[in-house]
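Letter by letter, the chains look like this.
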Amino acid sequence: MSSNSIGLGVVGAGSIGIRGCLEHLCLPDVQDKVRLAAVCDPVPGRAQAAAEKYGVARAYEGLEELLADPNVDAVTLGSPIGLHYEQGLQAIRAGKHIHFNKTMTTTTDEATELIEEARARGVKIVASPGQMLQAPHREIRRLIQEGALGRVAWAATGAAFGSYHEKEGVRQGDDPLSNINPAWYWRKPGGGPLYDMTVYGLHSLTGVLGPAKRVTAMSGIGIKEREYRGEMYPSDCDDNTLMVLDFGDALFAFVYGTFAGTLTEFGLPSYYGTKGSIVGLKLNGEPLDYPGKEEGLSHFHLLPHVMGQHRKMGEAHVFEDIMQLVDFVRDGTPSAATPEHARHVIEIIEAGYRAAETGQTQPLTTTFATVDGK
Ligand SMILES: NC(=O)c1ccc[n+]([C@@H]2O[C@H](COP(=O)([O-])OP(=O)(O)OC[C@H]3O[C@@H](n4cnc5c(N)ncnc54)[C@H](O)[C@@H]3O)[C@@H](O)[C@H]2O)c1
């Protein structure tokens, strides 16, 4: 490393590469900690346009060139989910620390391989989404552990795919930074609402309740084609999945990832017990208090590195997760957004699909350290 500021390589200058990474990391307040060393994207002209617009030192079309750049100490993967495993392995083998946008991989075995390879090579990993960095989830865990809800019977979380990836502003223009095609979100591997959206609620749920023990599910494809800018694209991965999780001791959770309709607030599971409930950010119908709560500040922006201008910007949670890696590399501060937690959520999704295919409830075998170690 040339200085104590981390040289970051941005892999994929798409929607999140732009909105969660480049727009935040080009601001002056972070330059002493992290500098935009390189960006790569295979779409002709996209990396170059991103480098010019956001002041990135070098632009490449290929990942290999970016990984060979000695100014790159760490990478953030903002490429389609189905590429994360291969690209992550390449980056680890090149000795680069990594931030994975969710999800880190699509299978448990791939996640284990990355974790072990990184450990063997002294490479640090932060895996999004860092839901347990958000104060409400830590507070909810504390309340439940202290018995505020009595004996918890069940919880629910999930998300609906809707159509927002087609409608994002960065996908409606005619230049390489604004014509970003979202069709991969509807294809295997890595497509569908579970890996992309339900993953937030699953991280919150398991971060609060701890690892789950079993999963069963039903799953299918409801919408077989999707439209983007007047063209039809195939949608051949499941877009309608309902799962039931068993946390042991008769505590269950209902988890959904679907193309329409939502029961719970985004990323905020509901919990029901003998003495009360937490629904979204309400405890027994009253606003939940949590450390750092401020009038007018969304909990999405109440994060350790999200200050000043970053509080007014979108996708601040992705910026936060990247800064978690930056701190981890610079001063050894480990993050709550661990690859082991990500692997457990990936196992739930993978095993959920297997349960739906086979009609058999699937055991879950992976675990992770909870934020308070209890
Ligand atoms: N869009 C969102 O709202 C959002 C929010 C948070 C996290 N994420 C996550 O960010 C990641 C990317 O999602 P997105 O919405 O930005 O997708 P996107 O399709 O908008 O962008 C992906 C970019 O990766 C590029 N790419 C394709 N193959 C590549 C390769 N081999 N090497 C490098 N780049 C390659 C594409 O050309 C494109 O520019 C996913 O993991 C997603 O789950 C997305």
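Attention here is on the structure that accompanies the text. (Residues numbered from 1 in each chain as written. Predicted model: local features only at pLDDT ≥ 70, side-chain atom pairs only at ≥ 80, totals over all residues. Heavy atoms only, no water.)

**Some points on a nonpolar patch on the surface**
Rules: Patch rule: a residue counts if its relative accessible area is over 30% and it has no salt bridge; like charges are joined within 9 Å, and nonpolar side chains (Val, Leu, Ile, Met, Phe, Trp, Tyr) within 5 Å. Values of accessible area rely on a 1.4 Å probe in the Shrake-Rupley scheme; residue burial ignores everything except the protein chains shown. Counted as salt bridges are all cases of a side-chain nitrogen of Lys or Arg within 4 Å of a carboxyl oxygen of Asp or Glu. Each helix corresponds to a stretch of at least 4 residues labelled H or I by DSSP, and each strand to a stretch of at least 2 residues labelled E; elements are numbered beginning at the N terminus.
Side chains of Trp154, Val244 and Phe252 sit close together on the surface and give an oily, nonpolar patch of about 280 Å² of accessible area. You can see Val244 is positioned in strand β11 (residues 240-246).

**Focus on the environment of Ile348**
How we decide: We call two residues in contact whenever any of their non-hydrogen atoms come within 4.5 Å of each other.
By the element assignment, Ile348 lies in helix α10 (residues 339-358). Here the alpha-carbon distance between Ile348 and Gln31, two residues 317 residues apart in the chain, equals 38 Å. With near-sequence residues (within four places) excluded, Ile348 lies in contact with Leu202, Thr206, Ala212, Val215, Met243, Leu245 and Leu364.

**Digging into the sheet that holds strand β6 (residues 125-127)**
The test is simple: Strand pairing is defined by DSSP finding a minimum of two bridges between the two strands. Note on method: axes are straight lines fitted to C-alpha atoms, helices fitted across the in-contact stretch only, with angles between N-to-C directions ranging 0 to 180 degrees.
A sheet is described by the order of its strands in space; here 6 strands give the open sequence β3-β2-β1-β4-β5-β6, paired in parallel fashion. Bordering the open sheet on either side are β3 (58-60) and β6, each of which pairs with just one other strand. Taken over all neighbouring pairs, the strand axes of this sheet differ in orientation by 20° on average, direction set aside. With 4 bridges connecting them, strand β1 (residues 6-11) and strand β4 (residues 74-77) associate as parallel partners. Bridge pairing in β4 links Gly9 to Val75.

**Concerning the sheet that holds strand β12 (residues 252-258)**
If you trace the 9 strands from one edge of the open sheet to the other, you get β16-β15-β14-β13-β7-β12-β11-β8-β17, paired in mixed fashion. On the outer flanks of this sheet lie β16 (286-287) and β17 (362-363), each paired with one strand and no other. Bridge count for strand β14 (residues 277-279) against strand β15 (residues 282-283) is 2 bridges, and the pairing is antiparallel. Residue Ile278 lies in a different strand from β15, and its bridge partner there is Leu283.

**Side note on the pattern of salt bridges**
Our working definition: Residue exposure (1.4 Å probe, protein chains only): buried if accessible area is under 20% of the type maximum, exposed if over 50%, otherwise partly exposed.
Scanning all chains against the criterion turns up 18 salt bridges. For the salt bridge of Arg19 with Glu315, the shortest nitrogen-to-oxygen distance reads 3.3 Å. In this pair, Arg19 sits in helix α1 (residues 15-25) while Glu315 sits in the loop between β16 and α9 (316-331), placing the two residues 296 residues apart along the sequence. Exposure remark for Arg19: the relative accessible area of 24% places this residue in the partly exposed category.

**Concerning helix α8 (residues 193-209)**
Under the convention used in this document: Here the expected span of a helix is defined as 1.5 Å times the quantity of residues minus one. Two axes enter the bend calculation: one fitted to the seven residues ending at the residue in question, the other to the seven starting there, and the bend is the angle between them.
Helix length check: α8, at 17 residues, gives a terminal C-alpha distance of 22 Å against a target of 24 Å (1.5 Å per residue), a fit within 8%. Along its length, α8 shows its largest kink, about 55°, at Val199. In terms of burial, α8 is a largely internal element, 17 of the 17 residues being buried. Residue Gly210 follows α8 closely and has a positive phi angle near 90°.

**Overview of unusual backbone geometry**
Most peptide bonds take the trans form, and the phi angle of most residues other than glycine is negative. The linkage connecting Lys102 with the following residue, Thr103, adopts the cis geometry, with an omega of -10°. Summarising the element assignment, Thr103 is placed in the loop between β5 (97-100) and α5 (108-121). The residue after Lys188, namely Pro189, is reached through a cis peptide bond having omega -10°. The residue Pro189 is located in the loop between α7 (164-167) and α8 in this model. A positive phi angle is found at Glu315, which is not glycine, with a value near 50°.

**A look at the state of the cysteines**
Convention followed: Two cysteine sulfur atoms form a disulfide, by the criterion used here, when they sit within 2.5 Å.
Within this structure, the stated rule accounts for 0 disulfides. In this model Cys26 remains outside any disulfide bridge; the closest cysteine sulfur is found in Cys21, 9.5 Å from its own. Exposure remark for Cys26: the relative accessible area of 33% places this residue in the partly exposed category. Of all cysteine sulfurs in the structure, the one in Cys21 sits closest to Cys40, which takes part in no disulfide; the separation is 12 Å. With a relative accessible area of 4%, Cys40 lands in the buried category.

**Side note on the packing of helix α4 (residues 84-93) against α5**
Put simply, the test is: In what follows, roughly perpendicular refers to angles from 65 to 115 degrees, roughly parallel to angles under 35, roughly antiparallel to angles over 145, and oblique to any angle outside these ranges. Residue polarity is assigned by list, with Asp, Glu, Lys and Arg as charged and Ala, Val, Leu, Ile, Met, Phe, Trp, Tyr, Cys and Pro as nonpolar; anything else, Gly included, falls into the polar class.
Where α4 meets α5, the closest approach of the two axes is 10 Å, and the angle between their N-to-C directions is 10°. Between α4 and α5, the interaxial angle falls into the category roughly parallel. Across from Tyr85, Gly88, Leu89, Ile92 and Arg93 in α4, the residues of α5 making contact are Glu110, Glu113, Leu114, Glu117, Ala118 and Arg121. Of the residues in the contact of α4 with α5, the class split is 5 nonpolar, 1 polar and 5 charged.

**Structural notes on the packing of aromatic side chains**
Operational definition: Only Phe, Tyr and Trp rings are paired, with Trp represented by its six-membered ring, and only when their centres lie within 6.5 Å; those with planes under 30 degrees apart are stacked, over 60 edge-to-face, the remainder tilted.
What the rule picks out here adds up to 7 aromatic pairs. Between Trp154 and Tyr272 the ring centres are 4.8 Å apart and the planes differ by 20°, which places this aromatic pair in the stacked class. Separated by 118 residues along the polypeptide, Trp154 in strand β7 (residues 152-160) and Tyr272 in strand β13 (residues 270-273) bring together distant segments of the chain. Its relative accessible area of 27% is what places Tyr272 among the partly exposed residues. What links up through ring pairs into an aromatic cluster is the set Trp186, Tyr228 and Tyr233.

**Regarding the packing of helix α6 (residues 135-145) against α8**
Rules: Each helix crossing is assigned a hand: it is left-handed if the near helix lies turned anticlockwise from the far helix by less than a right angle, otherwise right-handed if that turn is clockwise.
In the contact formed by α6 and α8, the axes pass within 8 Å of each other and the chain directions differ by 35°. In this structure, the crossing between α6 and α8 has a hand that is right-handed. Residues His137, Ile140, Arg141 and Ile144 of α6 lie in contact with α8, whose contacting residues are Ser204, Gly207, Val208 and Leu209. In terms of residue class, the contact of α6 with α8 is built from 4 nonpolar, 3 polar and 1 charged.

Such coordinate-based values are descriptive only and should not be taken to indicate function.
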